[in-house]
Amino acid sequence: MSESDAGAVVAATAAGAAGWRRAGIAGAAIGVLAAGAAAGVAVERLTVGRGIRKKARLALDATGPYGSLRGTPGRAVADDGTELYYEIDEVDDAPAADEGPGASGTRRRLFGRKAPAPVTVVFSHGYCLGQDSWHFQRAALRGLVRAVYWDQRSHGRSGRGRAQADGVPVGIDQLGRDLRAVIDAAAPEGPLVLVGHSMGGMTMMALADQYPALIRDRVAAVALVGTSGGKLGEVSFGLPVAGVNAVRRVLPGVLKALGSQTELVEKGRRATADLFAGLIKRYSFGSRDVDPAVARFAERLIESTPIDVVAEFYPAFTEHDKSGALPAFRDVPVLILAGDKDLVTPSSHSEAIADVLPDAELVIVPDAGHLVMLEHPETVTDRLADLLVRSGTVPGANVGGHGSTAQQPGR
């Protein structure tokens with residue numbers, strides 16, 4: 001970067017921090033952190049007019065097809081009363097809900113007996129995301145398998161965590177119980193394939209820790225994408241030692257302060273949208289040529305998570321340690337996949353999981369960051385399809401080619 005480019009970065013980050021100061025002192029603190037991380041983004045993003053960038057975002061929101069897939073909705077109730085939203089995609093030959101037992105399809109009755117329940121693939125998303133983060137994999141598998149996509153508590157269309165409204169912090173164990181509630185409601189019988197990204201993978205580990213019999217009796221395969229069994233407090237986020245130590249000291253307090261003044265912070269968040277776009281891109285993707293519509297889609301997913309939710313979930317990750325639950329997955333096919341440039345859950349964490357599960361398939365995707373399923377959907381979908389074939393979930397047939405950004409309408 002030249003001196004003039006560096007000057008542009010400094011000016012832009014200073015302007016962003018000023019916008020956060022107008023939104024409150026706590027907002028200014030997080031603005032400075034965001035600006036520092038965003039300084040590594042390509043300088044051209046910082047030199048294009050703000051109005052042009054805003055119009056570009058609106059255009060991408062209007063034309064991008066991502067996150068548009070919907071299934072049959074349902075709601076599960078967690079043990080603390082929180083409503084958890086899920087959707088089911090049935091296989092193509094399954095009968096509609098209003099069809100009688102004589103209808104054709106996978107659930108028809110044969111000689112007076114109901115056919116065995118089909119395998120259900122349950123997708124659990126990551127922190128500050130939602131079920132739509134599986135868009136490409138959902139498009140590719142749609143109609144081929146019975147699949148459940150759900151929003152974790154306080155994310156997406158799920159209800160605000162009731163226990164959190166009473167001041168109870170979120171724990172990974174609670175998320176494991178939430179997943180059990182979704183399974184009981186959406187897939188009460190039949191084999192299961194569990195797929196989880198980041199926090200979703202941790203949720204699956206918590207499920208295994210608390211309900212080992214469920215894993216033993218019903219789980220046919222497992223996919224752990226960009227996740228960790230523990231020691232997340234040691235992650236550097238690509239920062240120098242002094243920087244990461246400073247962030248670790250101040251971030252919990254800053255987030256707690258931000259969560260107490262949501263309206264002011266959200267106003268500041270909007271004022272510095274460009275800087276946060278750079279921050280999100282840096283920590284979501286590893287390659288420079290990410291489809292702008294996909295990058296904008298990731299921004300929308302993360303922006304939709306309120307700051308108080310961001311704050312109340314964050315402490316759970318430093319406390320997370322479920323490496324002891326991983327052996328529960330040893331008797332089934334396991335896929336462990338991560339991006340080689342993941343700054344949030346580095347690939348070394350996936351390698352540590354593979355050390356516990358030596359028979360698992362370990363895939364480190366080159367030039368990929370944390371949101372590997374959006375950045376390199378073809379690779380993720382291909383490896384996931386192979387897992388489904390190996391586990392007997394689908395025949396060794398062709399999985400649709402919708403796992404590629406090149407296959408989307410108008411692209």
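So, a few notes on the structure that sits alongside this text.

Rules of the game
Residues numbered from 1 in each chain as written. Predicted model: local features only at pLDDT ≥ 70, side-chain atom pairs only at ≥ 80, totals over all residues. Heavy atoms only, no water. Helix = DSSP H or I, 4+ residues; strand = E, 2+ residues; numbered from the N terminus. Buried < 20%, exposed > 50% of the residue type's maximum accessible area, 1.4 Å probe, protein only. Contact = heavy atoms within 4.5 Å. Areas by Shrake-Rupley, 256 points an atom, 1.4 Å probe, with all protein chains shown as cover. 1 Å grid on protein atoms, 1.4 Å probe; cavity = no way out; pocket = protein on both sides within 12 Å on 5 of 7 lines; lining within 4 Å. Points joined across faces, edges and corners; volume = space filled by probe spheres on them. Nonpolar A, V, L, I, M, F, W, Y, C, P; charged D, E, K, R; others polar. Axes fitted to C-alpha atoms, helices over the stretch in contact; angles between N-to-C directions. Parallel < 35°, antiparallel > 145°, perpendicular 65-115°, else oblique. Salt bridge = Lys/Arg side-chain N within 4 Å of Asp/Glu carboxyl O. Core = buried A, V, L, I, M, F, W, Y, C linked by side-chain atoms within 4.5 Å. Lys, Arg positive; Asp, Glu negative; His and termini not counted. Polar contact = N/O pair within 3.5 Å; in protein donor to acceptor, adjacent residues only side chain to side chain. Arc of directions from axis to C-beta.

1. With respect to the overall build of the protein
When helices and strands are counted, the protein shows 17 helices and ten strands. Residue burial in the protein is summarised as follows: out of 411 residues, 54% are buried. Expressed as a percentage of contacts within the protein between residues at least 6 apart in sequence, the contacts between residues at least 24 apart total 78%. Roughly 17,900 Å² of accessible area belongs to the protein as shown, and the carbon and sulfur atoms make up 54% of that amount.

2. Considering empty space enclosed by the protein
Any empty space left between the atoms is revealed when a probe the size of a water molecule rolls over them. Within the structure shown, the criterion is met by two cavities of 30 Å³ or more. Each pocket or cavity is described by its volume, and for the second largest cavity that value is around 30 Å³. At the level of secondary structure, the elements contributing two or more residues to the lining of the second largest cavity comprise β8 (219-225) and α17 (377-390). Of the residues assigned to the lining of the second largest cavity, the class counts are seven nonpolar, no polar and no charged.

3. A few points about the packing of helix α7 (residues 172-186) against helix α8 (residues 199-210)
Contact geometry for α7 and α8: axes closest at 7 Å, N-to-C directions at 80°. Between α7 and α8, the interaxial angle falls into the category roughly perpendicular. Within the contact between the two elements, α7 uses Ile172, Asp173, Leu175, Gly176, Arg177, Leu179, Arg180 and Ile183 and α8 uses Met199, Met202, Thr203, Met204, Ala206, Leu207, Asp209 and Gln210. For the contact of α7 with α8, the per-class residue count stands at nine nonpolar, three polar and four charged.

4. Digging into the pattern of salt bridges
Tallied over the entire structure, the rule returns 24 salt bridges. With its nearest N and O atoms 2.9 Å apart, the salt bridge here joins Asp89 to Arg138. Of this pair, Asp89 sits in strand β2 (residues 83-89) while Arg138 sits in helix α5 (residues 135-141), placing them 49 residues apart in sequence. Judged on exposure class, the residue Asp89 and its partner Arg138 are both buried. One salt bridge connects Asp308 with Arg160, and the closest N-O pair in it is separated by 3.2 Å. With Asp308 in helix α14 (residues 307-319) and Arg160 in the loop between β6 (146-150) and α6 (162-165), this pair connects stretches of sequence that are 148 residues apart. Residue class for Arg160 comes out partly exposed when judged on its relative accessible area of 36%.

5. Here's the deal with unusual backbone geometry
A positive phi angle, close to 65°, is found at Cys128, a residue other than glycine. Mapped onto the secondary structure, Cys128 falls in the loop between β5 (120-124) and α5. The phi torsion at Ser198 lies on the positive side, around 55°, for a residue other than glycine. Note on placement: Ser198 falls in the loop between β7 (192-197) and α8. The exposure class of Ser198 is buried, given its relative accessible area of 6%.

6. Topic: the environment of Thr72
Summarising the element assignment, Thr72 is placed in strand β1 (residues 72-77). When the C-alpha positions of Thr72 and Ile88 are compared, they lie 5.0 Å apart, and in sequence the two are 16 residues distant. In this structure Thr72 touches Tyr86, Glu87 and Ile88, once residues within four positions along its chain are discounted.

7. Section: the nonpolar core
Most often, soluble globular proteins have nonpolar side chains that are buried together. If you look at the biggest cluster of nonpolar residues, it comprises 43 residues, and the most contacted ones within it are Phe123, Val195, Phe285, Leu337 and Leu374. Looking at which element gives the most residues to this core, the answer is helix α13 (residues 292-303), with seven residues. In this view, Val195 contacts Val121, Val122, Phe123, Ser124, Trp134, Met204, Ala223 and Leu384; residues no more than four positions away in its chain are not counted. Ranked by size, the runner-up nonpolar core spans 35 residues in total, among them Leu192, Met204, Ile215 and Val222.

8. With respect to the side chain of Arg218
Note on placement: Arg218 falls in helix α9 (residues 212-218). For the buried Arg218, no salt bridge is present, and the opposite-charge side chain at shortest range is Asp184, 5.3 Å distant. A polar atom in the side chain of Arg218 sits 3.2 Å from the backbone oxygen of Glu189. One polar contact links the side chain of Arg218 to the main-chain carbonyl oxygen of Gly190, over a distance of 2.8 Å. Setting aside residues no more than four positions away along its own chain, Arg218 makes contact with Ile183, Ala187, Pro188, Glu189, Gly190, Pro191 and Leu192.

9. Section: helix α15 (residues 347-356)
Looking only at α15, the buried set comprises Ser347, His349, Ser350, Ile353 and Ala354. Looking down the long axis of α15, one finds its buried residues gathered within 155° of arc, a one-sided arrangement. Elements in contact with the buried residues of α15: α8, β8, β9 (334-339) and β10 (361-365).

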